[in-house]
Amino acid sequence: MLLNSVTVAAAQLPDKSLLAWLPVLTSNIKLLQPNLNCPQNQITNIQVNKKENQVKVDIAAINWDFNCGKVQTLENPVENNLSSVIKNKQIGSQFNALFDFSPRLPDTTITIKSLTLTSAFIKNKFISSLLIKKTQQALMFTLKSEGVNAKLTIKLSDKSFMLESAFSLAKIAHLIDLPIELKNNTAEDLSLHYASDLNAWWKGVFSINWQGVLGDLTEQGKMSAEGEIDLLKNQLKLNQLAGDLQNITYKISAQQHWKTNSVRLKLVQPAIINLATMEISSLPLTLHIGNSALQTKVLRGKAQRIRVDTQKLPAVLLTVTAKGRPLAFSLDWRLSSLEQILTGSIVSAGKIIKLTIPSSPLSAQTLVSSLQSYLPILEPLQVEAGNINLQLAVLYDSSNNSGQLKSTLIIDKLAGEYNNVLFDGITGNSELDYRFEKGRITINQDQQQLKIENLFIGIPIQALQFDGRLNAFKPVIDHLKARLLDGRIDVDDLKLTPPSQTVINISAISLSEVIRYSAYPEIQSSAIMDGALPLYLSDQGASIKAGVVFARPPGGYIKVPENTVIEAMGKGNPALAYTLQLLSNFQFDTLQGDIGYTPEGDANLKIKIKGISPNISGIHPINFNYSHQENILKLLKSLRFDEQLLEQIKERY
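Described in the following lines is the structure provided in the data block.

Rules used in this analysis
- Residues numbered from 1 in each chain as written.
- Predicted model: local features only at pLDDT ≥ 70, side-chain atom pairs only at ≥ 80, totals over all residues.
- Heavy atoms only, no water.
- Helix = DSSP H or I, 4+ residues; strand = E, 2+ residues; numbered from the N terminus.
- Buried < 20%, exposed > 50% of the residue type's maximum accessible area, 1.4 Å probe, protein only.
- Contact = heavy atoms within 4.5 Å.
- Areas by Shrake-Rupley, 256 points an atom, 1.4 Å probe, with all protein chains shown as cover.
- Core = buried A, V, L, I, M, F, W, Y, C linked by side-chain atoms within 4.5 Å.
- Disulfide = S-S within 2.5 Å.
- Arc of directions from axis to C-beta.
- Polar contact = N/O pair within 3.5 Å; in protein donor to acceptor, adjacent residues only side chain to side chain.
- Phe/Tyr/Trp six-rings, centres within 6.5 Å; stacked < 30°, edge-to-face > 60°.
- Lys NZ or Arg CZ within 6 Å of the ring centre and 35° of its normal.

Section: the overall build of the protein chain
Then comes step 1: Within the protein chain one finds 10 helices and 38 strands.
Then comes step 2: The buried share among the 653 residues of the protein chain stands at 36%.
Then comes step 3: Within the protein chain, residue pairs in contact and separated by at least 24 positions form 46% of the contacts whose partners lie at least 6 positions apart.
Then comes step 4: Surface summary for the protein chain: the accessible area is close to 38200 Å², and the carbon and sulfur share equals 56%.

This is the structure we're talking about:
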């Protein structure tokens, strides 16, 4: 040990105690260097003064590097086990020695103006002041620095131990690693309270409280925790945990933010944590997220001005029970929202994580009615019956960046109405089994099926069935079939991701049923129609090019009523009226139509009919050409809002 410029004045030694000589010294030490191998560890300008029965010590600075002089040794898990040290009463005997020794000391005040500590546990030097006071009743340690205030009190009478401390996270961010949200924390205090009886010093109670603002994340927040520590058992018992964040804004991307008024966290029952293994026996928590909104910046209009689209989201209550230790834990969770409940679990075993959702039936009627407040597109939807059942298993192995997804989705007997589109008997089944490995997807199973017993879109459709696959989330309809207009349509290999193309095959369509849902349902007709409609999908929508329909042999007939349709269509146009009279009783052996359709819904029909009109031309053949244009989407919409037709459909189907 090195001493520089030491001045010592001896005072008269009282005979009150074995150690009474300690406080009678008055000294002035310029530099104290305890270890020559660690020259950076220094104590400078020590002044010791005794006045009556009190000792005052002033220390200008202590610089101490805990990394210096460390000897790296292989740790013996038995010898270094904390509980073993406690059981051997090593620390307890030191506390007893302290309590035996303290009464012999006079009242003492030690002031350290600058305490600078360096350690592998902190990123930069920790600088503070330290005040140590010893009275006949207590030992008190007061530490103050920028960002940390702490006071430790040991009462000598009952051997109680109490620590009160407060931290400013923003001001100690240069010392420890913190998330960016905590670095931006503007609150002044995170308080820690700890109390113990040093007769059983390994046990104590603690409380932690925080409130403030987390940067741009939340305008106001607070959290608190209370519990007990038993180092002999390596055990922490968490009795209370609560958090409340208000007015939260979370930045998902430069264009998207998520906002909510409140997020509340609460511990449901006390939790036990093993400090040696960090194993949790049970940690039951509830997390309540209030009504929220997803805000997205989009460019609108010719000027490409930025506007914000807001999607409302419902409140969520999540109940979680955690068990296990790091890299080997399980989470059982229960999600409640929109009057529905979804349960599941997350299990971690080393580098493998598995998410499971068991079979979970949901009421479609309740789900849709609850969602309508948040999704305007669902407001016209009325679900009268039906259930949805989901089952999911996801496995991920971080050691080789691989995983597997297996899911089953079942839709059972949905019935209802959407903008006068009537539907019932909707059933569906989705089976997925995908494996992911190093960016590649292997499809073990991909089966999708949807059936609709009855669908009214303006014309009635029955037995509609889709058989398809998601094809690595690029949906493909392998086969579609349906009955309509007394006939049938079939579609094969329809890729729903544009651009794509296929053919709609038409067979046995009744001409009379087609006319029944036209603008002139009074027209009588008879023929069986077949055809093929080439269907193209683009980013603009669906279109048909060079579609063809034709009547099966031997043909059929068309009878246009003279006193209604012909009179209405030929009014003011005698030539058209005469032409239409040919159709008042037209018997044809050939009927062919060329059909085109645009993404906007506009249909263009060019019909060629060859036959005879006995009332006009006798047995002489007539070639009749007819062109017609109409917006099919508007026509179907008008049919859906035809009250008389709707009643007929409801009665018939």
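Additional details are given in the paragraphs that follow.
Some points on the nonpolar core
Then comes step 1: Counting residues in hydrophobic clusters, the biggest one holds 56 residues, and the most contacted among them are Leu-511, Met-529 and Phe-588.
Then comes step 2: Once you skip the residues sitting within four places of it in the chain, Leu-511 turns out to touch Ser-525, Ala-527, Met-529, Ile-558, Phe-588 and Leu-591.
Then comes step 3: Grouped together as the second largest cluster of nonpolar side chains are 27 residues, Ile-46, Val-48, Val-55 and Ile-172 included.

A look at the state of the cysteines
Simply put, disulfide is the name for a covalent bond between the sulfur atoms of two cysteines.
Then comes step 1: Taken as a whole and judged by the stated rule, the model has 1 disulfide.
Then comes step 2: With its sulfur 2.0 Å from that of its partner, Cys-38 forms a disulfide with Cys-68. Since a negative S-S torsion denotes a left-handed disulfide, the Cys-38-Cys-68 link at about -95 degrees is left-handed. Of this pair, Cys-38 sits in the loop between strand S3 (26-33) and strand S4 (42-51) while Cys-68 sits in the loop between strand S5 (54-65) and helix H1 (82-87), and the two are 30 residues apart along the sequence.

Re helix H4 (residues 364-371)
Then comes step 1: Among the residues of H4, those classed as buried are Ala-364, Leu-367, Val-368, Ser-370 and Leu-371. Seen end-on, H4 carries its buried residues on one side only, within an arc spanning 165 degrees.
Then comes step 2: The inward-facing, buried residues of H4 abut strand S22 (340-349), strand S23 (352-363), strand S24 (381-397) and strand S25 (402-418).

Some words on the side chain of Gln-448
Then comes step 1: Structurally, Gln-448 is set in strand S27 (residues 440-456).
Then comes step 2: For Gln-448, a relative accessible area of 15% translates into the label buried.
Then comes step 3: Side chain to side chain, Gln-448 and Ser-430 meet in a polar contact 2.5 Å long.
Then comes step 4: Contact partners of Gln-448, with chain neighbours within four places excluded, come to Asn-429, Ser-430, Glu-431, Leu-432, Phe-466, Asp-467, Gly-468, Arg-469 and Leu-470.

A short note on the packing of aromatic side chains
Then comes step 1: A full pass over the atoms with the stated rule returns 2 aromatic pairs.
Then comes step 2: Plain terms: the ring middles of Phe-161 and Tyr-194 are 6.0 Å apart, the flat faces sit at 75 degrees to each other, and that makes the pair edge-to-face. Of this pair, Phe-161 sits in strand S10 (residues 160-167) while Tyr-194 sits in strand S11 (residues 190-197), and the two are 33 residues apart along the sequence. Each member of the pair, Phe-161 as well as Tyr-194, is classed as buried.
Then comes step 3: A ring pair is formed by Trp-201 and Trp-202, whose centres lie 6.3 Å apart and whose planes are at 80 degrees; its orientation type is edge-to-face.
Then comes step 4: Residue class for Trp-201 comes out buried when judged on its relative accessible area of 13%.
Then comes step 5: The cationic tip of Lys-545 hangs over the ring face of Tyr-536; the distance from NZ or CZ to the ring centre is 5.3 Å.

Some thoughts on helix H9 (residues 632-640)
Then comes step 1: Those residues of H9 not exposed but buried are Leu-635, Leu-636, Leu-639 and Arg-640. The buried residues of H9 occupy an angular sector of 140 degrees when projected down its axis, which confines them to one face.

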